[in-house]
Amino acid sequence: MKTQLKKYTVRQICDGFVYNELEGRGLFGLSGRLTIQPEYQRNYIYADGKRDVAVIQSVLKNYPIGLIYFNVTDDGNFEVLDGQQRLTSLGRYFTNKFAVKDGNGMEQYFSGLANNLKKKILDTELLIYECQGTESEIKDWFKTINIVGVPLNNQELLNAVHSGPFVTAAKSEYSNSNNALLQKWQTYVKGDVKRQAILETALKWVSQDNIDNYMSQHRFDMNINEMKTYFNTVIDWAGSVFITIEKEMQGLEWGRLYEQYHNNAYNPSNISVRVRKLYADPDITKRAGIFEFVLGGEKNPKLLNIRAFPETDKKAKYGEQTNKAKLTGSSNCPICNTDVEYEHIDKIWNYNEMAGDHIVPWSKGGKTERDNLQMLCKHHNSMKSNN
């Protein structure tokens, strides 16, 4: 790959700047010759009132903002290879999309700046490497450079590697923070839409967790119909089974749960009542596990992380059982006294050799209370199921 170091002023970069607020493609500069957000670039993430402001303050204070890399395209135009966040911040400030506080704490948009400060910004020179190479060389370089800013996450890298019509269509649907369906999706999907969280989840579900391979196979597809249909099917199924929305639904493995349980018949009203009852149970310490627990017919209490007995209760119960055992010449583990084959019928176990156990299992209505506690040797505790 060939590179050539050039200097461009902010004035040149911002000439003809166009910013698409929907965060798709369409960010241009250099009188239209520069594509600031090509297909392989991530969305703009500096619009937080901190990082975008820091770029402008750096320019005003004569601080360097780092090297920037352009890819020279076959038609002689340019794409931003690295520096999109910084250049977009400069262009957005130039077009009055945000303000920066001055020394007196007053917010100043570019149009309201003193002429000398405007000139200072526009005449600032940026060091830019113009790079020429094959598509694979450019994308390999893009994956490895990280001059300033936030490192690319895995999905952003995959978008770069597999850029094409499929990624363009997918980002338009699932990386758009203005999508009217976003609130519905975020009931079930966790993460920042701008950092590709929704898109990554949609791909994970439809690909059965083989995103890279799926994107490679569909790279040149002109639509995302298969992924879109599957994603909506999973979301609609989850919403039809669990008619009451809970915050712990967000981020669950709904794609896996759909594949595992969607052929089962459920009564949504009964499910809702059961979920509310489980939410009210103080012994459940992992509410996010309730949904799979219910889907699976309530056969796996381990999903719920049932509350353990307090150490003080276990020590008190150990003392009671041990004192009684010494008086009767029996074991302080109740099951050892009846398990003749284990041959520990009169053994007094140390405290650290025993574990707290529900006499009546939680799944059968037993509570994590001292009256429902017994201390068992670890051998018999591990043998008990459904505790």
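In what follows, the structure referred to is the one given above.
Residues numbered from 1 in each chain as written. Predicted model: local features only at pLDDT ≥ 70, side-chain atom pairs only at ≥ 80, totals over all residues. Heavy atoms only, no water.

**Points about the overall build of the protein chain**
A count of helices and strands for the protein chain gives 16 helices and 10 strands. Counting only C-alpha atoms, the protein chain reaches 95 × 50 × 40 Å along its principal axes. Among the 387 residues that make up the protein chain, the fraction classed as buried is 45%. Accessible area for the protein chain stands at about 19,800 Å²; split by element, carbon and sulfur atoms hold 48% of it. Here the protein chain holds 48 positive side-chain charges and 46 negative ones, and the gap between their average locations is 5 Å. (Helix = DSSP H or I, 4+ residues; strand = E, 2+ residues; numbered from the N terminus. Buried < 20%, exposed > 50% of the residue type's maximum accessible area, 1.4 Å probe, protein only. Areas by Shrake-Rupley, 256 points an atom, 1.4 Å probe, with all protein chains shown as cover. Lys, Arg positive; Asp, Glu negative; His and termini not counted. Charge placed at Lys NZ, Arg CZ, Asp CG, Glu CD.)

**Quick word on the pattern of salt bridges**
In total, this model carries 17 salt bridges according to the counting rule given. Where Asp123 meets Lys119, a salt bridge forms, and the shortest distance between an N and an O atom there is 2.7 Å. Among the ionic pairs, Arg370 bridges to Glu320, the shortest N-O distance being 2.7 Å. Of the two residues, Arg370 sits in the loop between strand S9 (354–358) and strand S10 (373–377) while Glu320 sits in helix H15 (residues 311–328), which places them 50 residues apart along the sequence. Given a relative accessible area of 33%, Arg370 falls into the partly exposed group. It is possible to trace a salt-bridge network through shared partners that takes in Arg11, Lys119 and Asp123. (Salt bridge = Lys/Arg side-chain N within 4 Å of Asp/Glu carboxyl O.)

**A word on the packing of aromatic side chains**
In the structure shown here, the tally under the stated rule is 22 aromatic pairs. Centre to centre, the rings of Tyr8 and Phe70 are 5.8 Å apart; their planes meet at 50°, and the pair counts as tilted. Here Phe70 lies in strand S4 (residues 68–72) and Tyr8 lies in strand S1 (residues 2–9), a separation of 62 residues in the sequence. Using a relative accessible area of 11% as the deciding quantity, one classes Tyr8 as buried. (Phe/Tyr/Trp six-rings, centres within 6.5 Å; stacked < 30°, edge-to-face > 60°.)

**Let's talk about the sheet that holds strand S2 (residues 28–29)**
On the basis of which strands lie adjacent, the open sheet formed by 6 strands has the order S1-S8-S4-S5-S3-S2 and mixed pairing. In this open sheet, the two strands that pair with only one neighbour each are S1 and S2. Pairing between S4 and strand S8 (residues 125–132): 4 bridges, direction parallel. By the bridge assignment for S8, Tyr69 is matched with Tyr129. Relative to the sheet, helix H3 (residues 84–94) contacts strand S3 (34–35), S4, strand S5 (78–82) and S8, its axis offset from that of S5 by approximately 120°. (Pairing = 2+ DSSP bridges. Contact = heavy atoms within 4.5 Å. Axes fitted to C-alpha atoms, helices over the stretch in contact; angles between N-to-C directions.)

**Let's talk about the packing of helix H11 (residues 225–241) against helix H12 (residues 254–261)**
One can describe the packing of H11 onto H12 by two numbers: an axis separation of 10 Å at closest approach and a directional angle of 75°. Taken together, the axis directions place H11 and H12 in an arrangement best described as roughly perpendicular. In this structure, H11 uses Tyr230, Thr233, Val234, Trp237 and Ala238 to contact H12, whose residues at the interface are Trp254, Gly255, Leu257, Tyr258, Glu259 and Tyr261. Residue composition of the contact of H11 with H12, by class: 8 nonpolar, 2 polar and 1 charged. (Parallel < 35°, antiparallel > 145°, perpendicular 65-115°, else oblique. Nonpolar A, V, L, I, M, F, W, Y, C, P; charged D, E, K, R; others polar.)

**A word on the nonpolar core**
Among the nonpolar cores identified, the biggest contains 47 residues, and Tyr174, Met227, Phe231, Trp237, Phe242 and Trp254 are the most heavily contacted of them. When contributions to this core are tallied by element, the ones reaching two or more residues are helix H7 (165–174), helix H8 (182–185), helix H9 (197–206), helix H10 (211–217), H11, H12, helix H13 (268–279) and helix H14 (290–295). Per element, the largest residue contribution to this core is 8 residues, and it comes from H11. If we skip the residues at most four places from it in the chain, Phe242 touches Met249, Trp254, Ile271, Val275, Phe291 and Leu295. Counting 33 residues, the second largest nonpolar core, distinct from the first, contains Leu27, Ile65, Leu90 and Phe98. (Core = buried A, V, L, I, M, F, W, Y, C linked by side-chain atoms within 4.5 Å.)

**Quick notes on the side chain of His162**
Within the element layout of this structure, His162 appears in the loop between helix H6 (154–161) and H7. Residue classification places His162 among the buried positions, given a relative accessible area of 7%. Ignoring anything within four residues of it in the chain, the contact list for His162 reads Val167, Asp212, Met215, Ser216 and Arg219.

**Description of the environment of Thr244**
Summarising the element assignment, Thr244 is placed in the loop between H11 and H12. For Thr244, a relative accessible area of 32% gives the class partly exposed. Along the backbone, Thr244 and Thr187 are 57 residues apart, and their C-alpha atoms lie at a distance of 11 Å. Once residues within four sequence positions are removed from consideration, Thr244 is found in contact with Met249, Ser272 and Arg276. Within the local environment of Thr244, its side chain forms a polar contact with the side chain of Ser272, the two groups lying 3.0 Å apart. (Polar contact = N/O pair within 3.5 Å; in protein donor to acceptor, adjacent residues only side chain to side chain.)

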